Amino acid sequence: MKLKTKLLIAAIVVFVISVSIGSFYVTLNTSNEIAPQVMIQVIKPYAELIAKGDYETAYNNYTTKKYRLKTSLEKYIEVQKQNKEYFGKLISMGLASGIFLYERDMDKLWVYRGTVTYNADKLPYKFTVDIIKEDGAFKINQTYPSQMNIRASAPMIF
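Residues numbered from 1 in each chain as written. Predicted model: local features only at pLDDT ≥ 70, side-chain atom pairs only at ≥ 80, totals over all residues. Heavy atoms only, no water.

Q: Which residues make up unusual backbone geometry, and what are the values?
A: The phi dihedral of Asp 135 falls on the positive side, at around 55°, and the residue is not glycine. Within the secondary structure layout, Asp 135 lies in the loop between strand S4 (125-134) and strand S5 (137-145). (Helix = DSSP H or I, 4+ residues; strand = E, 2+ residues; numbered from the N terminus.)

Q: So what's going on with the packing of aromatic side chains? Residues and values would help.
A: For the structure on display, the rule yields 8 aromatic pairs. With a centroid separation of 5.1 Å and 50° between ring planes, the pair formed by Tyr 59 and Tyr 76 is classed as tilted. In this pair, Tyr 59 sits in helix H2 (residues 55-62) while Tyr 76 sits in helix H4 (residues 73-87), placing the two residues 17 residues apart along the sequence. Side by side, Tyr 59 and Tyr 76 carry an identical accessibility label, which is buried. With 6.0 Å between their ring centres and 75° between their planes, Tyr 112 and Phe 138 make a pair best called edge-to-face. Taken together, the residues span a long stretch of sequence, with Tyr 112 in strand S3 (residues 110-120) and Phe 138 in strand S5 at a distance of 26 residues. Considered together, Tyr 112 and Phe 138 belong to a single accessibility category, that of buried residues. Directly above the ring of Phe 138 sits Lys 133, whose terminal nitrogen or CZ lies 4.7 Å from the centroid. (Phe/Tyr/Trp six-rings, centres within 6.5 Å; stacked < 30°, edge-to-face > 60°. Buried < 20%, exposed > 50% of the residue type's maximum accessible area, 1.4 Å probe, protein only. Lys NZ or Arg CZ within 6 Å of the ring centre and 35° of its normal.)

Q: Quick one: what's the story with the pairing of S4, residue by residue and with numbers?
A: Most of S4 sits out of view: 8 of its 10 residues are buried. Judged from the 7 bridges that link them, S3 and S4 form a sheet pairing that is antiparallel. Bridge assignment links Val 116 to a residue of S4, and that residue is Phe 127. A loop of 4 residues connects S3 with S4, the two strands running antiparallel in sequence. Judged from the 8 bridges that link them, S4 and S5 form a sheet pairing that is antiparallel. Its bridge partner being in S5, Ile 131 is matched across the sheet by Ile 140. If you look at the hairpin formed by S4 and S5, you'll find 2 residues sitting between the two strands, and Asp 135 has a positive phi there, around 55°. (Pairing = 2+ DSSP bridges.)

Q: Describe the packing of H2 against H4, naming the residues involved and giving the relevant values.
A: H4 packs onto H2 with a crossing angle of 120° between their chain directions and a minimal axis gap of 10 Å. Looking at the two axes, H2 sits oblique to H4. Classified by chirality, the crossing of H4 by H2 is right-handed. Listed contacts from H4 to Tyr 55, Glu 56, Ala 58 and Tyr 59 of H2 are Leu 73, Tyr 76, Ile 77, Gln 80, Lys 81 and Lys 84. (Axes fitted to C-alpha atoms, helices over the stretch in contact; angles between N-to-C directions. Parallel < 35°, antiparallel > 145°, perpendicular 65-115°, else oblique. Left-handed = near helix turned anticlockwise from the far one by under 90°. Contact = heavy atoms within 4.5 Å.)

Dropping the structure here:
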């Protein structure tokens, strides 16, 4: 093999290893630092408001401006009531794995994406949540069925 070919292969290998190590540390940092913050600052208080039926506060305080542009308060409340009827009274929400990935969504926005367990008295469920930092606070940018669901790309309100 020529020297140029060997150098090219070596450069590609170094690049792939560097990107892999960088990705590992970003994921580790996100899981160890971001996931607990998101749980304490967003998921837990949001779930408590939903469980109490205080949908308006949950909507206004824990969702992004973009979320509120796409989903009216009226629609949000209607779906929360449907969720309660279908899944039962919400008991709690928790992180399914404690892992949040930092990736781009379909709108090319960097989001923290993780799976949340929706613990309700009739039917527990898992959904995916996209979290962003807006005005200095973590907020819900989008929710949709868990990746294991065929309709995973369709937004769904939780």
